[in-house]
Amino acid sequence: MDMTFAQFLDYFKLPFIQYAFIVGIIVSLCSSLLGVSLVLKRYSMIGDGLSHVGFGTLAVASALNLTNQSMFISIPVVVLSAFLLLRLNENSKIKGDSAIALISTSALAIGYTMSYTSTNSSSVDVCNFMFGSLLTIKKAEVLPSILLSVVVLVIFVFFYNRIFAVTFDETFAKATGTKSGLYNMLIAFLTAVTIVMGMKIMGTLLISALIIFPALTSMRLCKSFKGVVVLSAIISIICCIAGIVAGIILGTPTGSSIVLCNLVLFLIFSVIASCIKRKKAV
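Position numbers for residues start from 1 in each chain and track the written sequence from start to end. Selection of residues for local features in this predicted model requires a pLDDT of at least 70, selection of side-chain atom pairs for listing and counting requires 80 or more, and totals for whole chains, interfaces and linings are taken over all residues. Hydrogens and water are ignored here; the side-chain numbers use all heavy atoms of the structure.

K.L.:
I'd love a proper account of the overall build of the protein, names of residues and values included.
P.N.:
For the protein, the helix and strand inventory stands at 13 helices and zero strands. Here the term buried applies to any residue with accessible area under 20% of the maximum for its type, exposed to any over 50%, and partly exposed to those in between, with areas from a 1.4 Å probe on protein chains only. Within the protein, the fraction of its 282 residues that count as buried is 49%. Pairs of residues are marked as contacts when any of their non-hydrogen atoms sit within 4.5 Å. Contacts in the protein between residues at least 24 apart in sequence constitute 77% of all its contacts with a sequence separation of at least 6. As presented, the protein carries roughly 14,100 Å² of accessible surface, and 69% of it is formed by carbon and sulfur atoms. Runs of E in the DSSP output that reach at least two residues are strands. Runs of H or I that reach at least four are helices, and both are numbered from the N terminus. Here the Shrake-Rupley method, with its probe set to 1.4 Å, supplies the accessible areas, and only the displayed protein chains count as covering residues.

K.L.:
I'd like a description of the side chain of Ser232, backed by residues and values.
P.N.:
Its place among the elements puts Ser232 in helix α12 (residues 225–250). On the accessibility criterion, Ser232 (0% relative accessible area) is buried. Setting aside residues no more than four positions away along its own chain, Ser232 makes contact with Ser32, Val36, Pro214, Ala215 and Ser218.

K.L.:
Kindly report on the packing of aromatic side chains, identifying the contributing residues and their values.
P.N.:
Note on ring pairs: Phe, Tyr and Trp rings are taken, using the six-membered ring of Trp, and paired if centres are within 6.5 Å. Classes follow the plane angle, with under 30 degrees stacked, over 60 edge-to-face and the rest tilted. The full count for this structure, using the stated rule, is six aromatic pairs. The interplanar angle of 70° and the centroid separation of 6.2 Å between the aromatic rings of Phe156 and Tyr160 together place this pair among those described as edge-to-face. Under the relative-accessibility criterion, Phe156 is labelled buried at 4%. Taken together, the ring pairs connect Phe156, Tyr160, Phe164 and Phe225 into an aromatic cluster.

K.L.:
Tell me about the confidence of the model for the protein, and name the residues and values.
P.N.:
Regions with low pLDDT carry predicted coordinates that are not meant to be interpreted in detail. Per-residue pLDDT for the protein averages 81, and the proportion of residues at 70 or more is 89%. Each residue carries a pLDDT score, the predictor's confidence in it, ranging from 0 to 100. Of all the helices and strands in the protein, helix α6 (residues 126–131) carries the lowest mean pLDDT, 68, while α12 carries the highest, 90.

K.L.:
Hey, could you go over helix α10 (residues 180–202) for me, with residue numbers and the actual values?
P.N.:
Here, expected helix span is obtained from the residue count minus one, scaled by 1.5 Å. Taking 1.5 Å as the rise per residue, α10 with 23 residues should run 33 Å; its terminal C-alpha atoms sit 31 Å apart, in good agreement. Bend angle per residue: angle between axes fitted to the 7 residues ending at that residue and the 7 residues starting there. In the structure, α10 departs most strongly from a straight axis at Val196, where the bend amounts to approximately 30°. Summarising burial for α10: 18 of the 23 residues are buried, a large majority. Looking one or two residues beyond α10, the residue adopting positive phi is Gly203, at roughly 80°.

K.L.:
Help me get a handle on the packing of α10 against helix α11 (residues 207–219), residues and values and all.
P.N.:
In a packed pair of helices, the relevant descriptors are the angle between the two axes and the axis-to-axis distance. Taken N-terminus to C-terminus, the directions of α10 and α11 make an angle of 115°; their axes are 8 Å apart at the nearest point. One way to sum up the angle between α10 and α11 is to call them roughly perpendicular. Residues Thr191, Ile195, Gly198, Met199 and Met202 of α10 lie in contact with α11, whose contacting residues are Ile207, Leu210 and Ile211. Residues are grouped as follows: Ala, Val, Leu, Ile, Met, Phe, Trp, Tyr, Cys and Pro are nonpolar; Asp, Glu, Lys and Arg are charged; all remaining types, including Gly, are polar. For the contact of α10 with α11, the residue count by class is six nonpolar, two polar and no charged. Structural elements are reduced to axes, namely lines fitted to C-alpha atoms, with helices fitted over the stretch in contact, and the angle between N-to-C directions of any two is expressed from 0 to 180 degrees. To sort the angles, those under 35 degrees are grouped as roughly parallel, those over 145 as roughly antiparallel, those from 65 to 115 as roughly perpendicular, and the leftovers as oblique.

K.L.:
Could you give me a rundown of helix α8 (residues 160–168), with the residues and numbers involved?
P.N.:
Within α8, the full set of buried residues consists of Ile163, Val166 and Thr167. Buried residues in α8, looked at end-on, bunch into an arc of 105°, giving them a common side. Its buried side turned inward, α8 meets α2 (15–40), α7 (139–158), α9 (170–175), α10 and α12. Working definition: the arc comes from the directions between the helix axis and the C-beta atoms, pointing outward to the latter.

K.L.:
So what's going on with the packing of α12 against helix α13 (residues 254–281)? Which residues, and what values?
P.N.:
Taken N-terminus to C-terminus, the directions of α12 and α13 make an angle of 130°; their axes are 8 Å apart at the nearest point. The pairing of α12 with α13 is recorded here as oblique in orientation. Like other packed secondary-structure pairs, α12 and α13 cross with a definite hand, here right-handed. Seen from α12, the contacting residues are Leu231, Ile235, Cys239, Cys240, Ala242, Gly243, Ile244, Ala246 and Gly247; seen from α13, they are Thr254, Ser257, Ile258, Cys261, Asn262, Leu265 and Phe269. Split into classes, the residues belonging to the contact of α12 with α13 amount to 11 nonpolar, five polar and no charged. Each helix crossing is assigned a hand: it is left-handed if the near helix lies turned anticlockwise from the far helix by less than a right angle, otherwise right-handed if that turn is clockwise.

In structure tokens:
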């Protein structure tokens, strides 16, 4: 796509581009912070499972002509699903990936069936649900996304020490009086809210990348929890901006462009980490 620098700058005057940057950056920031705890606790795939539940609720809302209220319908359903996954993982014979597969595939089936059989099925854009459409964010969706992101960030910062404790050593945290179950539920709640916000950007199939990649990338070089959290946030924001810019210049889907930017940084950091390890070994 041929484009002059002046034409490129003109894109930033368009409201939908501005909305995309605002929502993309704040949701990427929330995803990266929570991703560190999820990766370290080996809950990485919970994001993928909850995004499938989000797809189901979004599809049902659209089929019932409730698209404008879809976010507020999805959040409680996804939050309840997150709590259910935790409960199944802790107190049931159905654990880990089996519980995630059970809930996520059921939600997908319900959502797609509703969208396919509904008389309003023509308004259900399954492709956007699956892969996201950041550049189609509406003005009415910006403020709720900002408010929810602020809530997630404030809660994460306020309970940072507790989240750190249950992330690294849950047994020790319990011994010191920390209610680990409560804070696991808090992490699940924040993840569920972030997943619902991020689905508009990345879609069902790509949202887990927004959570996992920045954490894994920063862990290549950083060893402390705080260092990983800070670097993960920086990486996530950089990749979001780069992905949107790549989408504008190359005409590629913004969601997949953001994931590819994350992949490139992950490979670069992995090479750097490998080189540092070799130098220390010599």
